[in-house]
Amino acid sequence: QVQLVESGGGLVQAGDSLRLSCAASGRTFRSVAMGWFRRTPGKDREFVAAINWAGGTTYYANSVKGRFTISRNNARNTVTLQMNSLKPEDTAVYYCAASTKGTYTGPEDFGSWGQGTQVTVSS
């Protein structure tokens, strides 16, 4: 089991950048894929990005491709989501998640979740 704590959310204006961090504890962190998801009121949780256990392969939702970058530091047990050119539609609670597998194969892989951090983008 991996415990996750997100940080870095806040209120920004459209076009600004924000960096989310996720601190992980647990022995399995370095062997599992990690991901970021987001949720807005009235909608299902949405996949944002994922990264395989070694950090060499990343995956993105079409809505964030080219603007967001996911990365990880296995020595520090951290995962980050760099968000650039933010849009009002990026407003959501963002969740860090740990997969049960080393390689990302789909949103259903994720079994451990952080508490979430709010990102609000004003127009």
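Throughout what follows, the structure given in this document is the object of discussion.

Cut-offs used in this document
Residues numbered from 1 in each chain as written. Predicted model: local features only at pLDDT ≥ 70, side-chain atom pairs only at ≥ 80, totals over all residues. Heavy atoms only, no water. Helix = DSSP H or I, 4+ residues; strand = E, 2+ residues; numbered from the N terminus. Contact = heavy atoms within 4.5 Å. Pairing = 2+ DSSP bridges. Axes fitted to C-alpha atoms, helices over the stretch in contact; angles between N-to-C directions.

**Quick word on the environment of Thr57**
Next, step 1: By the element assignment, Thr57 lies in the loop between β5 (46–51) and β6 (58–60).
Next, step 2: Sequence separation between Thr57 and Thr40 is 17 residues, and the spatial gap between their C-alpha atoms is 27 Å.
Next, step 3: Once you skip the residues sitting within four places of it in the chain, Thr57 turns out to touch Ala50, Ile51 and Asn52.

**Quick notes on the sheet that holds strand β8 (residues 78–83)**
Next, step 1: Pairing in this open sheet of four strands is antiparallel, and the strands run β1-β3-β8-β7 from one edge to the other. Two strands lie at the open edges of the sheet, namely β1 (3–7) and β7 (68–73), each paired on one side alone. Here the strands of the sheet are splayed against their neighbours by 15 degrees on average, with no regard to which way each runs.
Next, step 2: Looking at chain direction, β1 and strand β3 (residues 18–25) are connected through five bridges and run antiparallel. Note that in β3 the partner of Gln3 across the bridge is Ser25.

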